[in-house]
Amino acid sequence: MKPKIIKVSKISPDQSVICILGKDEIPDTLRLSKTEKAYALKQLKSKEEIVFINSYFKVTYLVRVKENATVSKAKEDVRRAASGMKKLIKANNLTDLVITSSQTYKGAIEDFAEGLILSIYSFDKYRTKDEDEKKTDYPSCLLLFGDAGEAEIRWLADLTEAVYFVRDLINEPVNHLNAVTLASEIQKIGKSAGFKVDVLNKGKIEALKMGGLLAVNKGSIDPPVFCILEWKPEKHLNKQPIILVGKGIVYDTGGLNIKTGDYMNNMKGDMAGAATVTGVFYTIAKNNIPLHIIGLVPATDNRPGGNAYAQGDIIKMHNKMTVEVGNTDAEGRLILADAISYASRYEPKLIIDIATLTGSAALTFGNQAIAMMTNADRKYIKLLEECGYLVHERIAELPFWDEYGELIKSDIADVKNVGGREAGAITAGKFLEKFAKFPLIHLDIAGTGMLAKDDFYRLKDGPGSGLRLLATFLKRLAADYKKMK
Ligand code: BES
Ligand code: ZN
Ligand code: ZN
């Protein structure tokens, strides 16, 4: 269970507390006895970073953080410190826990809470828990004592809530989550947050002639869906909407060009982009961010079958372009291309797509950066980059020169869905760009969207990559619009 976050105006004597310290000094608010204080200071001076004091009714944890050259580095240190303490906190089996800070930066208590909440997530709905694990638990309430404002707390609560259900969606296997059930999950989330969700069924997708999505779906026993999410508050500040597109491949076998060896591992998470878009909408709607945004989620599984699309097929896309299928495993760009082409009808200011698109992106940056390619105005990229550092979901840009577009030329159709072995992440991006009539930011989360092991609070399997990045980006963009008014 995700703990609640509550702002408090005092610390009671019997409450367990975590205090983040910027200096080797202990504030009086912690009400430690003289001997406890002396002990703690001695530990801190001997370079102990975490000190904890067990009193009769409560535990007091002191976390000493170092000074950092940048704000973003300091914030990440605090989140990581929180994740490092999760076992210690669990062992104490507390019902609630106060988080406070002393002589550190503004926002440290929220960052600590965020790091802790994101670290204690677990996907255990299919596990029959053994008794040992049931004996202790994490606190169900985090009480923030300090300078955190109501709006910041609200944002943190909704953002972490969104990360939790995005992770749930990604971690759900395909035998429990197909395209149709993904759409109904998105509808549920839309209802709870107050954004609109339209689900186009196979008939509508056929009528729209979305040849990419239909081709990928041909081998499936389940129909495809195309979800349209919309958040349009009365007082939105942008005339032209911002469009988010998320790859919703609920399982990627590769299709007839089937994935061999262990390459199918984790392919239930090939809808991480779709889940992330949904999570961004949840956060933005819950916080009433004054932007008009539209989300497009094409979804299906990709598998072989009697009627599956084949290498060599030529398909006609939503925008009437023809595509030679060079590989059925390059399915993501086919469904995204239809969505990006569909986006034109809204005359958007900006299109951002997010997708577990290429092994090449994962090979290039490992799990440390989201691969970004773009033809959009640099002012957006600067902001996105900055948000990436702040939330530690960093983007790394790949070149997007025209020459890379040459690699996906086809002799028999307008374009081919694969280039050669070279520059695989870039040619995938170039393919998408051909369908975009408006500025595009392409985010490839193949490296960050599914993790083999925990990386601090970024938990293994689906960590929810790109959600904190995009939600923060849009919030900041709204603030920029406001300034311009
Ligand atoms: N979903 C995969 C990309 C992927 C690979 C995501 C590993 C996460 C981890 C995508 O649909 C795919 O199979 N891409 C192929 C493209 C190739 C056939 C041109 C790839 O990258 O190997
Ligand atoms: Zn694939
Ligand atoms: Zn895929």
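Predicted, not measured: the structure shown is a model, and the values here were computed from it. (Residues numbered from 1 in each chain as written. Chains lettered and ligands numbered in written order. Predicted model: local features only at pLDDT ≥ 70, side-chain atom pairs only at ≥ 80, totals over all residues. Heavy atoms only, no water.)

Let us now look at the overall build of the protein. In terms of helices and strands, the protein carries 16 helices and 18 strands. Whereas a compact globule of 485 residues would reach a radius of gyration of roughly 23 Å, the protein reaches 24 Å, a difference of no more than 12%. Each principal axis of the C-alpha atoms in the protein carries an extent, and together these give about 80 × 55 × 40 Å. For the protein, buried positions account for 57% of its 485 residues. (Helix = DSSP H or I, 4+ residues; strand = E, 2+ residues; numbered from the N terminus. Rg over C-alpha atoms; globule rule 2.2 N^0.38 Å. Buried < 20%, exposed > 50% of the residue type's maximum accessible area, 1.4 Å probe, protein only.)

Glancing now at the layout of surface pockets. What the largest pocket holds in volume is close to 1,400 Å³. Taken together, 41 residues line the largest pocket, and the ones lying closest to its centre are Lys259, Tyr263, Thr358, Gly359 and Ser360. Secondary-structure elements contributing two or more residues to the lining of the largest pocket are helix H11 (332–343), helix H12 (359–365) and helix H15 (424–433). In terms of residue count, H12 provides more of the lining of the largest pocket than any other element does, 4 residues in total. Its boundaries defined by the atoms lining it, the second largest pocket holds a volume of some 1,200 Å³. Taken together, 33 residues form the lining of the second largest pocket, with Ile120, Tyr121, Ser122, Phe123 and Asp124 sitting closest to its centre. Counting residues per element, the ones that place at least two in the lining of the second largest pocket are helix H3 (86–91), helix H5 (131–134) and helix H6 (150–171). (1 Å grid on protein atoms, 1.4 Å probe; cavity = no way out; pocket = protein on both sides within 12 Å on 5 of 7 lines; lining within 4 Å. Points joined across faces, edges and corners; volume = space filled by probe spheres on them.)

Counting across every chain of the model gives 25 salt bridges. Measuring nitrogen to oxygen at the nearest pair gives 3.0 Å for the salt bridge that ties Arg154 to Asp158. Of this pair, Arg154 and Asp158 both sit in helix H6, 4 residues apart, which is roughly one turn of that helix. A relative accessible area of 40% means that Arg154 is categorised as partly exposed. By relative accessible area, which is 5% here, Asp158 ends up buried. What emerges from the salt-bridge pattern is a single network uniting Glu76, Arg79, Arg80, Glu114 and Arg468. (Salt bridge = Lys/Arg side-chain N within 4 Å of Asp/Glu carboxyl O.)

To continue, consider the coordination of the zinc ion (ligand 2). Put simply, a metal with four donors set out as a tetrahedron has ideal angles of 109.5 degrees, and one with six donors set out as an octahedron has ideal angles of 90 or 180 degrees. For the zinc ion (ligand 2), every protein donor is listed as Asp252 (OD), Asp329 (O), Asp329 (OD) and Glu331 (OE), and the spread of their distances is 2.0 to 2.2 Å. Coordination at the zinc ion (ligand 2) is irregular, judged from the 6 donor atoms that bind it and the angles of 71 to 169° they form at the metal. A spacing of 3.3 Å is found between the zinc ion (ligand 2) and the zinc ion (ligand 3), which share Asp252 as a donor. Linking Asp252 in strand S10 (residues 248–252) with Glu331 in the loop between strand S13 (322–324) and H11, this pair joins segments that are 79 residues apart in sequence. On the basis of relative accessible area, Asp252 is assigned to the buried category, the value being 3%. (Donors = N, O, S within 2.8 Å, 3.2 Å for Na, K, Ca; no water. Tetrahedral: all angles 85-135°; square planar, octahedral: opposite > 155°, others 65-115°.)

Let us now look at the site of ligand 1. Close contacts around ligand 1 come from 15 residues, with Asp252, Lys259, Asp329, Glu331 and Gly359 the closest. Glu331 has a polar side-chain atom sitting 2.9 Å from an oxygen atom of ligand 1. Compared with its free state, where it exposes 520 Å², ligand 1 has 74% of that area covered by protein. Using a 2 Å cut-off from the grid points, one finds that ligand 1 occupies the largest pocket. (Near = heavy atom within 4 Å. Polar contact = N/O pair within 3.5 Å; in protein donor to acceptor, adjacent residues only side chain to side chain. Areas by Shrake-Rupley, 256 points an atom, 1.4 Å probe, with all protein chains shown as cover. Sits in = over half its atoms within 2 Å of the grid points.)

Where H6 meets helix H10 (residues 272–286), the axes come as close as 9 Å, and the angle between the chain directions of the two elements is 155°. With respect to H10, the element H6 is oriented roughly antiparallel. Judged by the twist between their axes, the crossing of H6 over H10 is right-handed. In contact with Arg154, Trp155, Asp158, Leu159, Glu161, Ala162, Phe165, Val166, Leu169 and Ile170 of H6, H10 contributes Ala272, Ala275, Thr276, Gly279, Tyr282, Thr283, Ile284 and Lys286. Partitioning the contact of H6 with H10 into residue classes produces 11 nonpolar, 3 polar and 4 charged. (Axes fitted to C-alpha atoms, helices over the stretch in contact; angles between N-to-C directions. Parallel < 35°, antiparallel > 145°, perpendicular 65-115°, else oblique. Left-handed = near helix turned anticlockwise from the far one by under 90°. Contact = heavy atoms within 4.5 Å. Nonpolar A, V, L, I, M, F, W, Y, C, P; charged D, E, K, R; others polar.)

Take the domain arrangement of the protein next. Taken domain by domain, the protein holds domain 1 (4–148) and domain 2 (161–484). Of note, the centres of domain 1 and domain 2, computed from C-alpha atoms alone, are 37 Å apart. Residue-level contacts link 16 residues of domain 1 with 16 residues of domain 2. Here domain 1 and domain 2 share an interface that buries about 1,600 Å² over both sides, 59% of which is from carbon and sulfur atoms. Broken down residue by residue, the surface that domain 1 buries against domain 2 is led by Arg80, Leu118 and Tyr121, which jointly contribute 41%. Along the contact surface separating domain 1 from domain 2 lie 2 salt bridges. Glu114 is paired through a salt bridge with Arg468; the nearest N and O atoms lie 3.0 Å apart. (Domains from an automatic or database assignment. Buried area = accessible area lost by both parts, 1.4 Å probe.)

Right, let's talk about the side chain of Ser119 for a bit. Mapped onto the elements of the fold, Ser119 is located in helix H4 (residues 108–119). On the basis of relative accessible area, Ser119 is assigned to the buried category, the value being 1%. Looking at Ser119, its side chain comes within polar contact range of the main-chain oxygen of Gly115, at 2.5 Å. Apart from residues lying up to four places away in sequence, Ser119 is in contact with Ser83, Lys86, Tyr457 and Leu459.

Time to look at unusual backbone geometry. Positioned with a positive phi, Asn288 is a non-glycine residue whose angle comes to about 55°. Mapped onto the secondary structure, Asn288 falls in the loop between H10 and strand S11 (293–302). Residues other than glycine seldom take positive phi values, yet Phe456 does so here, at roughly 55°. Within the fold, Phe456 resides in the loop between strand S18 (440–444) and helix H16 (467–484).

With that settled, the discussion passes to the sheet that holds strand S12 (residues 314–316). One open sheet holds the 3 strands; their spatial order is S12-S13-S17, and the pairing between them is mixed. Taken across any chain shown, the strands that pair with only one partner, and hence form the sheet edges, are S12 and strand S17 (415–416). Here S12 pairs with S13 via 3 bridges, running antiparallel. Following the sheet pairing, Lys316 is matched in S13 by Thr322. (Pairing = 2+ DSSP bridges.)

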